[in-house]
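Chain by chain, the residues:
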2 protein chains.
Amino acid sequence: MSSISGLVEDEISSFFESSPPLKNKEEIVAKLNQFIELNTSRQGEKRRIVCVTSGGTTVPLEQRCVRYIDNFSSGNRGAASTENFVKAGYAVIFLYRRGTCQPFCRSLPDDPFLECFEFPDAKSIRVHESHSEAVKMAVMDQQAAVEEGRLLKLPFSTIYEYLQMLRLMATALKDVGSCSMFYLAAAVSDFYVPWNSMTEHKIQSGSGPLDIRLAQVPKMLSVLRSNWAPKAFCISFKLETDSKILIEKATKALQKYKVHAVVANELSTRKEEVVVVSSSGNVVVRRDPGKPESIVEDNLIRLIVDRHSTYIKESHT
Amino acid sequence: MSSISGLVEDEISSFFESSPPLKNKEEIVAKLNQFIELNTSRQGEKRRIVCVTSGGTTVPLEQRCVRYIDNFSSGNRGAASTENFVKAGYAVIFLYRRGTCQPFCRSLPDDPFLECFEFPDAKSIRVHESHSEAVKMAVMDQQAAVEEGRLLKLPFSTIYEYLQMLRLMATALKDVGSCSMFYLAAAVSDFYVPWNSMTEHKIQSGSGPLDIRLAQVPKMLSVLRSNWAPKAFCISFKLETDSKILIEKATKALQKYKVHAVVANELSTRKEEVVVVSSSGNVVVRRDPGKPESIVEDNLIRLIVDRHSTYIKESHT
């Protein structure tokens, strides 16, 4: 277990104190508790619960926000991983950036209402043959997962919302202990403009260049591991565009934050392979080259679930 | 007609020269020409053509882009205006930010595949009663507009894509003259990082704050008016969060860019009212207070279409 320094703790408190408060906090807490209760109070074996974070966070540059800095992420990794966790028997809390890729919806075309459907008459709707599997998956499989209490979707936009929701989630999952997992695939901003030092109104484009000074977002992973949910199994992600520094950065993150594994991905090859970096060594995970429909996440989630099983066993002995 | 200074022209050339080239340029030009041809070669009266721009542009902070600055815009104004232009008999080129609000889709819920449909058995799909009108509109009305050659949708993400596409569009519409309109509702970045001065790889979050210097995007409105499409009717938009400076800024934009009207909107009241600022005075346009389903765009487009009719008549005399 990592212990964090007083300095980091101060930074984190001051980040939360200066954050604009979460709007629908009570509603989120109620949904979370209901979902966790449903999945832990069942007869027989309890379900494992994973919190999958997905998509990028935004950093407002103005309090009445017109402009913001965004981290690119389609949310594809988080959505595909969620599907695989559901198939593996997990209950998934999907904490996603508004507007990004949704689980069971990855096969839909970009413009589904223009491309998937037709109305042969004003009363009956029909799905085009070419998209029937994709629509069925998006509707049937997704609704089944939600109705069975295996999928809870919660949206965020800003870094303030994301970190407050992550903290709520960790607190709510504390008692689930080693059966809970954090799978942190979201692309979280490293830099932000502290709310108190932010301009209220839209920045004017008078004349000359604009200089922006961004502060570092305190690293919440340390406090998630040490205080919020110390018994949870914890997977973080590292994305780089430069393959030369990727494994080194992932290894440093593993040591610094004491997570159980870091999934290292390079922007240009991330759909073909990732490297799972952990204290037991580095494992390259690829999609099955023989199967065109195969995705990296099929093999990645299998590996992560195995590791989680071992972790649960070891925690109980 | 405004004449633009050599300085502005230099800035604009250097912006385009340093931009990453548009990926599917030939395809876009072909689609544009086909659409314009279809709407101008008809028997009887030609259709008027409006280019509606919608949503915000992004400004990459890294060449292999992980982070970018974004301008907030749901695209609701552009989508609603497009529907009204189609109803008013126009052919619409809808130049929109990927992922933003689509015409005829504004009444769909946030998560349509989870909320709108059900499969009573594995073969037939059904639309929930509560969303049947919304789905019918998104499918039937949208498809009808596309099939009748009244709606062409073209997506962009970055400021580089947006401005190159706007230039293509203006060039393609040049011969349509006063029957063409530019309705520039997109939220275009005022600041950017010139591509050549941009870092190739992801900015590292080593230690300390990050300083970013942003250059001003050259104002393309001047060159659109004076060179690209001087005969087109041209409406620009001004959004501010501070109502005190809004009308002043809109009036300045009207004079500086010599557009035919500026639609002034304040962030917090933009769904209730806008002010159309033009040389004939300022007109406040509101949604009908008696009708809950009424939107500002119903009355706004009626006014703009009237003004365009007058403009066409005057151009022919």
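You'll find chain A entered in an unreviewed UniProt entry as Phosphopantothenate--cysteine ligase 1, with Camelina sativa given as the organism. In its Sequence similarities (unreviewed entry) section, the UniProt record describing chain A reads: "Belongs to the PPC synthetase family."

**Q** Help me understand the overall build of chain A, please; the structure alone is not making it clear to me.
**A** A tally of helices and strands in chain A yields nine helices and 14 strands. In summary, chain A has a C-alpha radius of gyration of 21 Å against a globular reference of 20 Å for 317 residues, a match within 12%. Its C-alpha atoms give chain A principal-axis dimensions of about 60 × 60 × 45 Å. Looking at chain A residue by residue over its 317 residues, the buried ones come to 56%. In chain A, 72% of the contacts between residues at least 6 apart in sequence involve partners at least 24 apart. Surface summary for chain A: the accessible area is close to 14,400 Å², and the carbon and sulfur share equals 49%. Side chains of chain A carry 40 positive and 38 negative charges; the gap between the two charge centres is 4 Å.

**Q** Which parts of the structure should I look at to understand the environment of Ile245(A)?
**A** Along the polypeptide, Ile245(A) turns up in helix α8 (residues 243-257). In this structure the C-alpha to C-alpha distance between Ile245(A) and Phe94(A), which are 151 residues apart in sequence, comes to 30 Å. Setting aside residues no more than four positions away along its own chain, Ile245(A) makes contact with Glu240(A) and Gln204(B).

**Q** What's the story with the pairing of strand β8 (residues 180-184) of chain A in this structure? I'm lost.
**A** Within a regular beta strand, the side chains point alternately toward one face of the sheet and then the other, so they alternate between its two faces. All names here are of chain A. Most of β8 is tucked away: five of the five residues are buried. Side chains Ser180, Phe182 and Leu184 of β8 all project onto a buried face; the interleaved residues Met181 and Tyr183 project onto the opposite face, where all are buried too. Note: strand β1 (residues 49-54) against β8, five bridges, orientation parallel. Opposite Ile49, over in β8, you have Ser180 as the bridge partner. As paired elements, β8 and strand β11 (residues 233-240) share four bridges and run parallel to each other. Note on β11: the bridge partner recorded for Met181 is Phe233.

**Q** What am I meant to see in the relation of the copies chain B and chain A here?
**A** Each of the two chain copies can be generated from the other by rotation about an axis followed by a shift along it. Once chain B is rotated about the relating axis by 180° and shifted along it by 0.0 Å, it coincides with chain A to within an RMSD of 0.0 Å. The two molecules are tied by a two-fold rotation axis, judged by turn and shift. When C-alpha positions in chain B are compared against the rotation axis, the closest is assigned to Ile69(B), at 2.1 Å. A shared binding surface is used by both copies, with 100% of the interface residues of chain B retained as interface residues in chain A.

**Q** Help me understand the sheet that holds β11(A) in this model?
**A** Think of a sheet as strands paired side by side through backbone hydrogen bonds, with each pair either parallel or antiparallel. All names here are of chain A. Taking strand neighbours across the sheet as the criterion, the eight strands line up as β7-β4-β1-β8-β11-β12-β13-β14 in an open arrangement whose pairing is mixed. Looking along the sheet, the strands with just one partner apiece sit at the ends: β7 (151-156) and β14 (281-286). The average angle at which neighbouring strand axes cross in this sheet is 15°, direction not considered. Contacts between helix α6 (residues 159-172) and the sheet are confined to β1, β4 (91-97), β7 and β8, with β7 contributing the most and set at about 150° to the helix.

**Q** What's the story with helix α2 (residues 25-40) of chain B in this structure? I'm lost.
**A** Helical periodicity: at 3.6 residues per turn, an α-helix aligns residues three or four positions apart in one direction. For α2(B), with 16 residues, the first-to-last C-alpha span of 22 Å sits near the 22 Å given by 1.5 Å per residue. Close packing links the buried residues of α2(B) with β1 (49-54), β4 (91-97), β7 (151-156) and α6 (159-172) of chain B.

**Q** Sorry if this is basic, but what is going on with the pattern of salt bridges here?
**A** As enumerated under the stated definition, the model contains 32 salt bridges over all chains in all. We note a salt bridge from Glu272(B) to Arg287(B), for which the minimum N-O separation is 3.2 Å. Of this pair, Glu272(B) sits in the loop between β12 (261-266) and β13 (273-278) while Arg287(B) sits in the loop between β14 (281-286) and α9 (296-316), and the two are 15 residues apart along the sequence. In the salt-bridge network here, residues are joined through shared partners; they are Glu62(A), Arg67(A), Asp190(B) and Lys219(B).

**Q** Just checking my understanding: could you explain the sheet that holds strand β2 (residues 58-60) of chain A for this structure?
**A** Spatially, four strands are ordered β2(A)-β3(A)-β3(B)-β2(B) in an open sheet, and the strand pairing comes out antiparallel. Each edge of the sheet is formed by a strand with only one pairing partner; in this case those strands are β2 of chain A together with β2 (58-60) of chain B. Taken pair by pair, the neighbouring strands of this sheet meet at an average axis angle of 25°, ignoring direction. The pairing of β2(B) with strand β3 (residues 67-71) of chain B spans three bridges and is antiparallel.

**Q** How do you make sense of the side chain of Thr158(B) when you look at a structure like this?
**A** Residue and element names in this part refer to chain B. With respect to the helices and strands, the residue Thr158 is situated in the loop between β7 and α6. Among the polar contacts listed, one links the side chain of Thr158 to the backbone nitrogen of Glu161, at a separation of 3.0 Å. Other than its neighbours up to four places away in sequence, Thr158 contacts Thr57, Thr58 and Pro60.

**Q** Sorry if this is basic, but what is going on with the packing of α6(B) against helix α7 (residues 220-228) of chain B here?
**A** When two helices pack together, their arrangement is given by the angle between their axes and by how far apart the axes lie. All names here are of chain B. Interhelical geometry of α6 versus α7 gives an angle of 20° and a closest axis separation of 11 Å. It follows from the interaxial angle that α6 and α7 lie roughly parallel. Considering only the axes of α6 and α7, their crossing is right-handed. Facing Leu163, Leu166, Arg167, Ala170 and Thr171 of α6, the residues of α7 in contact are Met220, Leu224 and Trp228. Tallied by class, the residues present in the contact of α6 with α7 amount to six nonpolar, one polar and one charged.

**Q** Mind showing me how you'd approach the interface of chain B and chain A here?
**A** The partner chain A presents 56 residues to the 56 residues of chain B that form the contact. For chain B, the biggest contributors to the area lost against chain A are Phe113(B), Phe119(B) and Thr241(B); these three give 13% of the whole. For the pair chain B and chain A, the number of links is six salt bridges. With a closest N to O distance of 2.6 Å, Asp190(B) and Arg67(A) form a salt bridge. Put simply, chain B and chain A have 15 residue pairs in polar contact (both at pLDDT 80 or more) between them. Contributions of two or more residues to the side of chain B that touches chain A are made by β3, α4 (112-115), β5 (117-118), α5 (132-147), β10 (210-216), β11 (233-240) and α8 (243-257) of chain B.

**Q** Quick question: what am I supposed to make of the state of the cysteines here?
**A** What we call a disulfide is simply a covalent bond connecting the sulfur atoms of a pair of cysteines. Residues and elements named next belong to chain A. Scanning all chains against the criterion turns up zero disulfides over all chains. Take Cys101: it sits in no disulfide, and the sulfur closest to it among the cysteines is that of Cys105, at 7.3 Å. Taking the relative accessible area as the measure of exposure, Cys101 reaches 16% and is therefore buried. Not engaged in a disulfide, the cysteine Cys179 finds its nearest cysteine sulfur in Cys234; these two sulfurs lie 16 Å apart.

**Q** Would you take a moment to explain the environment of Asn24(A) for this structure?
**A** Relative to the assigned elements, Asn24(A) resides in the loop between α1 (6-18) and α2 (25-40). Sequence spacing of Asn24(A) and Val262(A) is 238 residues, and the spatial spacing of their C-alpha atoms is 32 Å.

Definitions and limits used
- Residues numbered from 1 in each chain as written.
- Chains lettered and ligands numbered in written order.
- Predicted model: local features only at pLDDT ≥ 70, side-chain atom pairs only at ≥ 80, totals over all residues.
- Heavy atoms only, no water.
- UniProt positions renumbered as here; feature names shortened; annotations may be inferred.
- Helix = DSSP H or I, 4+ residues; strand = E, 2+ residues; numbered from the N terminus.
- Rg over C-alpha atoms; globule rule 2.2 N^0.38 Å.
- Buried < 20%, exposed > 50% of the residue type's maximum accessible area, 1.4 Å probe, protein only.
- Contact = heavy atoms within 4.5 Å.
- Areas by Shrake-Rupley, 256 points an atom, 1.4 Å probe, with all protein chains shown as cover.
- Lys, Arg positive; Asp, Glu negative; His and termini not counted.
- Charge placed at Lys NZ, Arg CZ, Asp CG, Glu CD.
- Pairing = 2+ DSSP bridges.
- Least-squares fit on C-alpha atoms with pLDDT ≥ 70 in both.
- Axes fitted to C-alpha atoms, helices over the stretch in contact; angles between N-to-C directions.
- Expected span 1.5 Å × (residues − 1).
- Salt bridge = Lys/Arg side-chain N within 4 Å of Asp/Glu carboxyl O.
- Polar contact = N/O pair within 3.5 Å; in protein donor to acceptor, adjacent residues only side chain to side chain.
- Parallel < 35°, antiparallel > 145°, perpendicular 65-115°, else oblique.
- Left-handed = near helix turned anticlockwise from the far one by under 90°.
- Nonpolar A, V, L, I, M, F, W, Y, C, P; charged D, E, K, R; others polar.
- Buried area = accessible area lost by both parts, 1.4 Å probe.
- Disulfide = S-S within 2.5 Å.

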